[in-house]
Structure formats: C-alpha cells, structure tokens
Amino acid sequence: AGGCTIDAMTLVRLLLRDRRTTYVLLGALAVAYVIAHLFAAVSDAANWDELALLRRAQEAVITGDLQTGGRPGLGVIALLPIVDGCTSVVSVVDTARMVWAIATFALLAGLFELLRRATRRSPHAWHTAALGTALLAFVPVFLRWSLQIRTDQPAIAAALWAGVALLASRQRFAWAILGGALAALGYLFSQKALYIVALAGVITAGDLYIARELDVRREALRTLNFVAGAIAVVGAYKVITPMLWSTPGAMSLDAGFDL
C-alpha cells in the first residue's frame, strides 16, 4: 500500500522464511523436473553410444556371449530383459530410457542425502543439500547426458548411496556392509563409481575430524564391514556370471582398477 513495491528477491526471501512453504516449493520443482525429464527422454534423439550398448545386450541374448565394452558388464545384463524379443529400436530405446530414469533420479536423491548428512550439524543442512543437488541437476550437460542409456547413472547412483550408508555406519556397523555392497554394485556398472566411493571416503574421514570422535577399533570394524560387503557382491558376480553367459570380453577386477 502507499506505493510500496516488493522486488523478486524480497518475495523469495519472504516465501522461504516459512519452512513448510520451502518444502512445498521444492517438492513442486522436483515433480516438474521428473515430468520434464521423462518427456525429454522419449523425444530426444538416440545417441550412438546408447545404440552400441543396446547392441551388446542384443548379442548377449542371441549368442550367449557377454560383450561388456571394457566395463565389468552389469549394465549390459540389466538391459537384457528390455532387448529380448526386440521388434522396434525406437520402442526399445524409449523403454530403456524410462527404466534408466530411475537410476538418474536415484543419483540425484543420493547426492541430496549425502550432502544433507555431510552438513547435518548446520541448521541449514536441508537447504544446502537442495542447492548442491540443483547445481548438478540443472547443468545443461547433465540435463542432456542424463537422458541417455549409459552405465554411468546406475554406477554413480549406487556409489552415492554407498557414501550415505558409510556415513550412517557411525551409529550401526551393518550400514557399512550395505555401503560396501552398493559400492561394488556401482563398480560392476562402471569403474567411474570408484571416483565417487573415494570421495565418500574423504567425506567420511572429514566427518570424523569435525566430530573429534576417532575410535580406532570402531573405524577398523567399519572398514572391514565395508570391504566384506564389496567382496561379497563382486565375488557373487564373478561366480554367477560365467554360469549364465560366456564372457570373452569381460574385464577383470585388476584391469578395472588399472583403467
């Protein structure tokens, strides 16, 4: 009243002052993001790398040979039910992208939760996590890349949730086993998961440093549980895979680490 004006930033501050309003707005933004992603996934042209990955899955269905393209191979295995009985390339790409969208959303959710837990001592941890996630989710390169069928999304999603489990294992050691299993699962999709697992290790060490609660026995148990979870998943994969497919192009664990 009386000629008073409110600029856009002031209006945003007033809206975000109420926590419930903040959650509603961010929730609405997340829903809009999901809808836009799914619509773009079925309208954006297929990438050559996607077709090559689908081709390897099709060859595995037809010949029984699991060609992994220099990766451990779980990404190809995950696509087998989708390409089995393929009659339309477009239909297969659309279906695979819908399934792969789950990995993309899990990736973003994992990043949010990892940031929230890493900054949990701050009264603004929730907002920090939302901002950090948005700084990835709205990058144009990520918007395009995340539509495509790549081994990266499930690998990074599993590795991020491994980091979440690793942070949670301070209170319960069993979470470290789950963290190791998720880290190994991510690696079996793509070796790039190791970058995220290493970052999660640095964040976990930093969390201990900030808390000033270093307990050598506890940390040794956490580490052993994490390693045990990882070995169990990789070992099971190495035992089961040759029973179902011949793996002439499968990459060994040592070769993966070298790469």
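Because the structure is predicted, anything quoted here is derived from the model rather than measured.

Tell me about helix H9 (residues 174–189), and name the residues and values.
Under the 1.5 Å per step criterion, the end-to-end length of H9 is 23 Å for 16 residues, consistent within 8% with the ideal 22 Å. By the burial criterion, the buried members of H9 are Ala176, Gly179, Gly180, Ala181, Leu182, Ala183, Ala184, Gly186, Tyr187, Leu188 and Phe189.

Which residues make up the side chain of Arg150, and what values do they have?
Mapped onto the secondary structure, Arg150 falls in the loop between helix H7 (140–145) and helix H8 (152–168). Those residues within four positions of Arg150 in sequence are excluded, and the remaining contacts are Asn47, Asp49, Leu53, Trp100 and Trp145.

Describe empty space enclosed by the protein, listing the residues and the values that go with them.
Any space left empty among the atoms is revealed by the rolling of a water-sized probe across them. Tallying each qualifying case throughout the model produces one cavity of 30 Å³ or more. Space inside the largest cavity adds up to approximately 40 Å³. Leu53, Arg56, Thr68, Arg71, Gly73, Leu74, Gly75, Val76, Thr151 and Phe189 are the residues that line the largest cavity. Counting residues per element, the ones that place at least two in the lining of the largest cavity are helix H3 (48–63) and helix H4 (74–83). Ranked by residues supplied to the lining of the largest cavity, first place goes to H4 with three residues.

Could you give an account of H3, with specific residues and numbers?
Between its first and last C-alpha atoms H3 spans 22 Å; for 16 residues at 1.5 Å apiece the expected length is 22 Å, and the two agree. For H3, the full list of buried residues reads Glu50, Leu53, Leu54, Ala57 and Ala60. Taken around the axis of H3, the buried residues stretch over an arc of 110°, which confines them to a single face. Projecting away from the buried face of H3 at angles above 90 degrees are the exposed residues Trp48 and Ile62. Capping the start of H3, Asn47 holds a side-chain oxygen 2.8 Å from the backbone nitrogen of Asp49, two or three residues further along. Looking one or two places after H3, you find Gly64, whose phi comes out positive at around 85°.

About the cut-offs
- Residues numbered from 1 in each chain as written.
- Predicted model: local features only at pLDDT ≥ 70, side-chain atom pairs only at ≥ 80, totals over all residues.
- Heavy atoms only, no water.
- Helix = DSSP H or I, 4+ residues; strand = E, 2+ residues; numbered from the N terminus.
- Expected span 1.5 Å × (residues − 1).
- Buried < 20%, exposed > 50% of the residue type's maximum accessible area, 1.4 Å probe, protein only.
- Contact = heavy atoms within 4.5 Å.
- 1 Å grid on protein atoms, 1.4 Å probe; cavity = no way out; pocket = protein on both sides within 12 Å on 5 of 7 lines; lining within 4 Å.
- Points joined across faces, edges and corners; volume = space filled by probe spheres on them.
- Arc of directions from axis to C-beta.
- Polar contact = N/O pair within 3.5 Å; in protein donor to acceptor, adjacent residues only side chain to side chain.

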